[in-house]
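Residues per chain are reported as follows:
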Amino acid sequence: MRDGFLHRFLRHPAALAGASILGLIALAALLAGVLAPGSPQAIAGSPFLWPGEEGHWLGTDVLGRDILAGLLFGARVSLLVGLGAAGLSILLGVVTGTVAGYYRGRVDDALMRLTEAVQTMPSLVFTIVVVVVAGPSLPSIVLAIGLTGWPQVARLVRAEALRLRQAEFVQAAIASGLGDAAILARHVVPNAISPVVVAASILVAHAILTEASLAFLGLGDPNAVSWGSMIGTAREALRSGWYMAAIPGLAICVAVLGISLLGSGLNDLLNPRLRDG
Amino acid sequence: MSGGLGYALRRLWQGALTMLLIVVFNFFLLRLAPGDIVDVMIGQAGGGSPEAMAAMRQQFGLDQGALVQFLRYIGNLLQFDLGYSFSNSAPVTELILGRLPASALLMVTTLVVAGLAGTLLGTLGAVWRGRLVDRIASAFSMIGFAVPVFWLALMLVVVFAVQLRWLPANGMVNLLSEATGWRRALDIARHMILPVTSLAFYYTAIYARLSRAALLDVAKADYVRTARSKGLGATRIVLRHQLRNALLPLVTMTGLQLGALFSGSVVIESIFAWPGLGRLAFDAVFARDLTLLLGILFFSSLLVVVMNLLTDFLYAFLDPRIELA
């Protein structure tokens, strides 16, 4: 079964392209310190160097910081925030959705109101408020983004849990006197998790885009260079050095495109019925 | 008809509960902020006299328990008193209502543009499914999802405002002109082109994808087969039979996406200095004016709840088959 999946994965062009793009970005993030030694916030040359000038492949920014170094270290921030926030959303969503769907009734009503409340608030405004309250740092950004993403996961998992509650193997577990916690952990969650796999790719993409927006608005971690903060700095120099904004923006596009390709590829592979939808 | 009324009342009740939860969130965040409400309100403004601050603490009930504070907070919100913005030296409610028209203009125009363009793309894709047009439309929506709104806006500014000098990239009107009437409207329209294009890009992608899927879905319906067997032309079937039914999911989606649209407008308004709520939020971030930020969060959530209720009712009205129990 696993072998079959891997085989199909390798022959799926979109999934393979997405995985390769993400693999390259992850490699860039891992090797950032080797490829561009020193701090990406340090001044590396004269400012306003266009790509290729004076040995800076991608040029330098308004202060003379190397843009390539910024891109490499920015990949760390994007991947970290993307995976961290998506992980938090999945955790919160799976717990909420499982409990709501399994216990139904009032618990379900209450949790669904909570889900709706979080979905109602404009997510970027909510994220901004949380970051302003907690202070801009990577952990608070991950927390703020993670807190907005879980409702979609909760809804997906809840629908599965509602269905699983009626399944024979769950009914049998209840009849055999197994405790609720064990039933949820062993029988409900593992079987409710498959729709989450595809949702996860959307969450990661959303988190990367949101972090970029936050950093662009000046709410990024002041001690880290991120693609969004690079664009924010470049905003003052649109007239004379538009490449400073264009390059990190392209990096965001490529990363999100890679995630979307991988996500839609996984969707095809995991839900073959929907392929001809 | 009583079923309809019961449905309406239940949805209203749910909407009210949602708002209550959001208020609890707001209150919680205010309490988490360093210092108390009075510190947040005047401390960051440069400080007030200790006597004045003590008087304010008493006025807000800060010398009493959390429950009393919460009840006062809700009492104020119910009177639509969202507090006082120290950075603008004005009541938050007044600021928000003053900025609302500009944001509403931007968002409604964006929805109309994106709705028309997206439905057109989706229809082309569904009619010529798998052909070149469909592939181009699909590629466009994939890119639409990946491009950060603020980056697209900056790149449009570089091309159309900085290099070509065709369009303005700042504000809502030309401050130097004293045009009125149609000339003024034309001036505003020119200022809207870049912000609306940036903001509509993403929504065009969503509408294109959704309308394509919805059209393909209804293409299998019995009434479409009937129409075809009656010998109706393909264009007529698509326009009169398929599209009309496929539009319903788009209505619901619009309600659900309003919050995201508002988020997008925060970024776009701050880039184009558009005098709306988003720009107000951006300035509040810079001044660390939490009262104003929370007021905007509350107000925009209320807007989303109300719009969602309206789309629900509209949906029930458009499609009487929806169960009203």
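Here is what the cut-offs are and how they apply
- Residues numbered from 1 in each chain as written.
- Chains lettered and ligands numbered in written order.
- Predicted model: local features only at pLDDT ≥ 70, side-chain atom pairs only at ≥ 80, totals over all residues.
- Heavy atoms only, no water.
- Helix = DSSP H or I, 4+ residues; strand = E, 2+ residues; numbered from the N terminus.
- Buried < 20%, exposed > 50% of the residue type's maximum accessible area, 1.4 Å probe, protein only.
- Contact = heavy atoms within 4.5 Å.
- pLDDT = per-residue confidence, 0-100.
- Phe/Tyr/Trp six-rings, centres within 6.5 Å; stacked < 30°, edge-to-face > 60°.
- Lys NZ or Arg CZ within 6 Å of the ring centre and 35° of its normal.
- Buried area = accessible area lost by both parts, 1.4 Å probe.
- Salt bridge = Lys/Arg side-chain N within 4 Å of Asp/Glu carboxyl O.
- Polar contact = N/O pair within 3.5 Å; in protein donor to acceptor, adjacent residues only side chain to side chain.
- Nonpolar A, V, L, I, M, F, W, Y, C, P; charged D, E, K, R; others polar.
- Expected span 1.5 Å × (residues − 1).
- 1 Å grid on protein atoms, 1.4 Å probe; cavity = no way out; pocket = protein on both sides within 12 Å on 5 of 7 lines; lining within 4 Å.
- Points joined across faces, edges and corners; volume = space filled by probe spheres on them.
- Patch = residues over 30% accessible without salt bridge, like charges linked within 9 Å, V, L, I, M, F, W, Y side chains within 5 Å.
- Areas by Shrake-Rupley, 256 points an atom, 1.4 Å probe, with all protein chains shown as cover.
- Lys, Arg positive; Asp, Glu negative; His and termini not counted.
- Charge placed at Lys NZ, Arg CZ, Asp CG, Glu CD.
- Bend = angle between axes of the 7 residues up to and from the residue.
- Core = buried A, V, L, I, M, F, W, Y, C linked by side-chain atoms within 4.5 Å.

**Some words on the overall build of chain A**
Working step 1: The number of helices and strands found in chain A is eleven helices and zero strands.
Working step 2: If you list the helices and strands of chain A from N to C, you get α-α-α-α-α-α-α-α-α-α-α.
Working step 3: The principal-axis extent of the C-alpha atoms belonging to chain A is close to 75 × 45 × 35 Å.
Working step 4: Looking at chain A as a whole, 52% of its 277 residues are labelled buried.
Working step 5: Taking the contacts inside chain A whose residues are at least 6 apart along the sequence as the reference set, 72% of them involve residues at least 24 apart.

**Section: the confidence of the model for chain B**
All names here are of chain B.
Working step 1: With 91% of its residues at a pLDDT of 70 or more, chain B has an overall mean of 84.
Working step 2: Here helix H2 (residues 37-42) is the element of chain B with the lowest mean pLDDT, 64, and helix H5 (residues 92-127) is the one with the highest, 93.
Working step 3: Complex prediction metrics read pTM 0.89 and ipTM 0.87.

**Re the packing of aromatic side chains**
Working step 1: Counted under the stated rule, the structure contains 14 aromatic pairs over all chains.
Working step 2: For the pair phenylalanine 27 of chain B and tyrosine 73 of chain B, a centre-to-centre distance of 5.5 Å together with 45 degrees between the ring planes defines the contact as tilted. Separated by 46 residues along the polypeptide, phenylalanine 27 of chain B in helix H1 (residues 2-32) and tyrosine 73 of chain B in helix H4 (residues 66-78) bring together distant segments of the chain.
Working step 3: Judged by its relative accessible area of 9%, phenylalanine 27 of chain B falls in the buried class.
Working step 4: Ring pairing ties together the aromatic residues Trp50, Trp242 and Tyr243 of chain A, which thus form one cluster.
Working step 5: The lysine or arginine in question, arginine 165 of chain A, covers the ring of tyrosine 102 of chain A, its NZ or CZ lying 4.6 Å from the ring centre.

**Here we look at the interface of chain B and chain A**
Working step 1: Facing 47 residues of chain B, the contacting portion of chain A comprises 42 residues.
Working step 2: Three residues stand out in chain B for area buried against chain A, namely Met142, Phe150 and Trp151 of chain B, and they jointly supply 15% of the buried area on that side.
Working step 3: On inspection of chain B and its partner chain A, the count reaches zero salt bridges.
Working step 4: The tally of links from chain B across to chain A stands at five residue pairs in polar contact (both at pLDDT 80 or more).
Working step 5: Only H1, helix H6 (132-146), helix H7 (149-163), helix H10 (234-272), helix H11 (277-287) and helix H12 (290-318) of chain B provide two or more residues apiece to the side of chain B that touches chain A.
Working step 6: Here the residues of the side of chain B that touches chain A sort into 35 nonpolar, eight polar and four charged.

**Here we look at the pattern of salt bridges**
Residue and element names in this part refer to chain A.
Working step 1: Following the criterion strictly, the structure yields seven salt bridges over all chains and no others.
Working step 2: Of the charged contacts in the structure, one is a salt bridge between arginine 65 and aspartate 61, with a shortest N-O distance of 2.9 Å. Each member of the pair, arginine 65 together with aspartate 61, is buried.

**Considering helix H3 (residues 67-103) of chain A**
All names here are of chain A.
Working step 1: Compared with the 54 Å implied by 1.5 Å per residue over 37 residues, the 53 Å span of H3 between its first and last C-alpha is a close match.
Working step 2: If you check the start of H3, you find a side-chain oxygen 3.5 Å away from the backbone N of leucine 68, and it comes from aspartate 66.
Working step 3: Once H3 finishes, arginine 104 follows within two positions and takes phi at roughly 50 degrees, a positive value.

**Notes on empty space enclosed by the protein**
Residues and elements named next belong to chain A.
Working step 1: Across all of its chains, the model carries two cavities of 30 Å³ or more by this definition.
Working step 2: Estimates place the volume of the largest cavity at around 40 Å³.
Working step 3: The wall of the largest cavity is formed by Val77, Leu138, Glu211, Ala215, Gly220, Asp221, Ala224, Ser226 and Ser229.
Working step 4: Here the lining of the largest cavity is composed, by residue class, of four nonpolar, three polar and two charged.
Working step 5: Approximately 30 Å³ is the volume found for the second largest cavity.
Working step 6: In terms of lining, the second largest cavity is formed by Ala85, Ala86, Ser89, Ile145, Gly146, Gly149, Leu203, His206 and Ala207.

**Quick notes on a positive patch on the surface**
All names here are of chain B.
Working step 1: Taken together, Lys230, Arg236, Arg240 and Arg244 make up a surface patch of like positive charges.
Working step 2: Structurally, the position occupied by arginine 236 is in helix H10.
Working step 3: Judged by relative accessible area, which is 44%, arginine 236 ranks as partly exposed.

**What about a nonpolar patch on the surface?**
Working step 1: Taken together, the side chains of Leu24, Leu27, Leu30, Leu31, Val34 and Leu35 of chain A define a hydrophobic patch exposed on the protein surface, amounting to about 640 Å² of accessible area.
Working step 2: With respect to the helices and strands, the residue leucine 31 of chain A is situated in helix H2 (residues 13-35).

**A look at the environment of methionine 230 of chain A**
Residue and element names in this part refer to chain A.
Working step 1: Among the secondary structure elements, methionine 230 is positioned in helix H10 (residues 227-234).
Working step 2: You can call methionine 230 buried: its relative accessible area is 13%.
Working step 3: Setting aside chain neighbours within four positions, we find methionine 230 in contact with Ile67, Gly70, Leu71, Val225, Met244 and Pro248.

**Focus on helix H8 (residues 181-218) of chain B**
Working step 1: For H8 of chain B, with 38 residues, the first-to-last C-alpha span of 45 Å runs short of the 56 Å given by 1.5 Å per residue.
Working step 2: In the structure, H8 of chain B departs most strongly from a straight axis at methionine 192 of chain B, where the bend amounts to approximately 40 degrees and where the proline proline 195 of chain B lies between one and four residues downstream.

**Some details on the environment of threonine 311 of chain B**
Residues and elements named next belong to chain B.
Working step 1: Note on placement: threonine 311 falls in helix H12.
Working step 2: Take threonine 311: its relative accessible area is 16%, and that puts it in the buried class.
Working step 3: Within the structure, the side chain of threonine 311 is placed 2.8 Å from the backbone oxygen of asparagine 308, a separation counted as a polar contact.

**With respect to the nonpolar core**
Working step 1: Within the largest apolar cluster, 148 residues are counted, with the highest numbers of intra-cluster contacts made by Ile128 and Trp227 of chain A together with Phe150 of chain B.
Working step 2: The dominant element in this core, judged by the number of residues it contributes, is helix H11 (residues 243-270) of chain A, at 14 residues.
Working step 3: Contacts of phenylalanine 150 of chain B, omitting those with residues within four sequence positions, involve Ala212, Ser213, Phe216, Ile231 and Ile252 of chain A together with Val267 and Ile271 of chain B.
Working step 4: Ala214, Leu216, Val218 and Ala246 of chain B belong to the second largest nonpolar core, which has seven residues in total.

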